[in-house]
2 protein chains.
Amino acid sequence: MAETPDRAQHRYEEIANDLRAAIMRGEYREGDRLPGENTIMQRYAVARMTARDALAVLRHEGIAMARQGAGVFVTSRKRLVRDSMGRYSRKAVSTSQFKADTTNAGQQANWDHESAEKPATSRVAQMLGVALGEPVMETVYRFFSDHRPVQLSWSWEPLALTRGTPIELPEDGPTTGVIARMDSIGIHVDRVIEKVTARAATAAESERLALSGRGAYVMVIERTHYAGDLAVEACDIVFPGDRYELTYTIPVPALAE
Amino acid sequence: MAETPDRAQHRYEEIANDLRAAIMRGEYREGDRLPGENTIMQRYAVARMTARDALAVLRHEGIAMARQGAGVFVTSRKRLVRDSMGRYSRKAVSTSQFKADTTNAGQQANWDHESAEKPATSRVAQMLGVALGEPVMETVYRFFSDHRPVQLSWSWEPLALTRGTPIELPEDGPTTGVIARMDSIGIHVDRVIEKVTARAATAAESERLALSGRGAYVMVIERTHYAGDLAVEACDIVFPGDRYELTYTIPVPALAE
């Protein structure tokens, strides 16, 4: 039953390790151009594909990024910080929270969204506690920081709750933000549950987040807003693996007197 | 400034996609053996290395695991769930919390640990708010579920707080668990901050967690216990990328009357 780990060191990994170490030692700093494919081919006596793979490893790790026609450069290692506390007040709006996160990192935010009525898939039905195929409003968001895609989300709300109300369309009604919107129709959210996982990126996520195709991974929050036992919104939030830090503050009850 | 995503589809990725789709369709179920290298070589007319790489992709994703000499098998996709709430009560002990997590997943827990006095590195000094080189007690844990390594952690406590007290050694004193231990010396933790990130696994982590070396990633919690402004413990908790779900429940304050 023991696993057989695949620890064979490949040549491109050795080269990636060398370059990573040089970055860590400060020989290449943020914004510096890394050696190109031709330089690596000569220096290590390897084929172009091996040089390319070595650079791809560093891009995959987020340590470096390619600029069209200019080469591969050391990136800023600054993660965006998403703090869960204070995020879910009765007045907060997720898009403005995102804007605050990017401002804190000295970056510029923009986003787009699209809403459409859909039948609940089995997974959405399970998250919302509704029957398979029940109508839900699906809203898909893409969030950009300095014009790089840094977050995708898919939000679902049961139309049984919102149909015909002013908040049926999440972003186009008189109020925005799940909690304030639900308050406006008399449904009072009392808690939010966030389940955090990491996993390999799907092809669609890699494309939409401009991730490297090989070994790309994402961090995912599966989030549900509850009013008592009623799930009023479910959402998948997908981040490039290494661009975010999710912060949670957990209060510890005081000693009993 | 635009990124150049590397979307070239490699042959081994096509094969991995085929196998993944067959698993998703239920053609291979949990515990089933996947086609071996020889079968894949014949079926797709590829070299052994390509067949091996295709299987490595699925192992990397956690969908499949190798059993020495027996082949590659579809794994259980059940993640261990680590719920942050209730975890940090005044009586809780992290090792017993881990045991509860594994029991909930129908698995068996075991762990080991080792403590030693160390000078604070710059990162540990920053986390604990102590001077560089200040003495700290470092305790390294390895956690296993059904004898597979599923969690590593490095815990640091300032010896300025604990030296000469019964809790100097975290696991060998009269009480265990950071909060209860600190209570016993009159330091009352009031909150825990967890910062969650994902990143490429280091070579040491890959080895200790038996991860595949290519493109392996981990989920990391950087945790600090605070008593007011005083950091009393800092800890890095490292999980294989896709074996855990971290659950956080965030209370939303009620409407003002």
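The paragraphs below set out a description of the structure included in this document. In this text, all values refer to a predicted model and were calculated from it rather than measured experimentally.

**Quick notes on the pairing of strand β7 (residues 191-200) of chain A**
Counting buried residues along β7 of chain A, seven of its ten residues qualify, which places the element largely inside the surrounding structure. Bridging between β7 of chain A and strand β8 (residues 217-227) of chain A involves ten bridges; their strand directions are antiparallel. Looking at the pairing, glutamate 194 of chain A lines up with arginine 223 of chain A of β8 of chain A. Relative to strand β10 (residues 244-251) of chain B, β7 of chain A is paired through six bridges, and the arrangement is antiparallel. The residue bridging lysine 195 of chain A from the neighbouring strand is threonine 247 of chain B, located in β10 of chain B.

**Notes on unusual backbone geometry**
All names here are of chain A. The phi angle at alanine 45 is positive, at roughly 55°, despite the residue not being glycine. One can find alanine 45 in the loop between α2 (37-44) and α3 (48-60). Residue class for alanine 45 comes out exposed when judged on its relative accessible area of 69%.

**Notes on helix α1 (residues 11-24) of chain A**
All names here are of chain A. If you check α1, its first and last C-alpha atoms are 20 Å apart, about what 14 residues at 1.5 Å a residue would give, namely 20 Å. Along α1, the positions that sit buried rather than exposed are Tyr12, Glu13, Ile15, Ala16, Leu19, Ala22 and Ile23. Of the surrounding elements, those touching the buried residues of α1 are α2, α3 and β2 (71-74). Following α1 by one or two positions, glycine 26 adopts a phi angle in the positive range, close to 90°.

**Regarding helix α4 (residues 94-104) of chain B**
Residues and elements named next belong to chain B. Along α4, the residues that are buried comprise Thr95, Gln97, Phe98, Asp101 and Thr102. For α4, the angular spread of buried residues about the axis comes to 155°, placing them on one side. Exposed residues on α4 whose side chains face more than 90 degrees from its buried face are Thr103 and Asn104. Those residues of α4 that are buried lie in contact with β3 (80-83), β4 (109-119), β5 (135-145), β6 (148-158) and β10. Just downstream of α4, glycine 106 is the residue with a positive phi angle, here 70°.

**Focus: the nonpolar core**
Within the largest apolar cluster, 60 residues are counted, with the highest numbers of intra-cluster contacts made by Val196 and Leu246 of chain A together with Val196 and Leu246 of chain B. Beyond its immediate stretch of four places on either side in the chain, leucine 246 of chain B contacts Glu194, Lys195 and Val196 of chain A together with Arg82, Val196, Met219, Ile221 and Phe239 of chain B.

**Some details on the pattern of salt bridges**
All names here are of chain A. Counted by the stated rule, this structure contains 30 salt bridges over all chains. Ionic pairing is found between glutamate 14 and arginine 11, a salt bridge with its closest N-O pair at 2.7 Å. Highlighted residues: glutamate 14 and arginine 11, both in helix α1, separated by three residues, approximately one helical turn. Classification of glutamate 14 as partly exposed rests on a relative accessible area of 33%. Arginine 199 serves as the salt-bridge partner of glutamate 205, at 2.7 Å between the closest nitrogen and oxygen. Take glutamate 205: its relative accessible area is 6%, and that puts it in the buried class. What makes arginine 199 partly exposed here is its relative accessible area of 24%.

About the cut-offs
Residues numbered from 1 in each chain as written. Chains lettered and ligands numbered in written order. Predicted model: local features only at pLDDT ≥ 70, side-chain atom pairs only at ≥ 80, totals over all residues. Heavy atoms only, no water. Buried < 20%, exposed > 50% of the residue type's maximum accessible area, 1.4 Å probe, protein only. Helix = DSSP H or I, 4+ residues; strand = E, 2+ residues; numbered from the N terminus. Pairing = 2+ DSSP bridges. Expected span 1.5 Å × (residues − 1). Contact = heavy atoms within 4.5 Å. Arc of directions from axis to C-beta. Core = buried A, V, L, I, M, F, W, Y, C linked by side-chain atoms within 4.5 Å. Salt bridge = Lys/Arg side-chain N within 4 Å of Asp/Glu carboxyl O.

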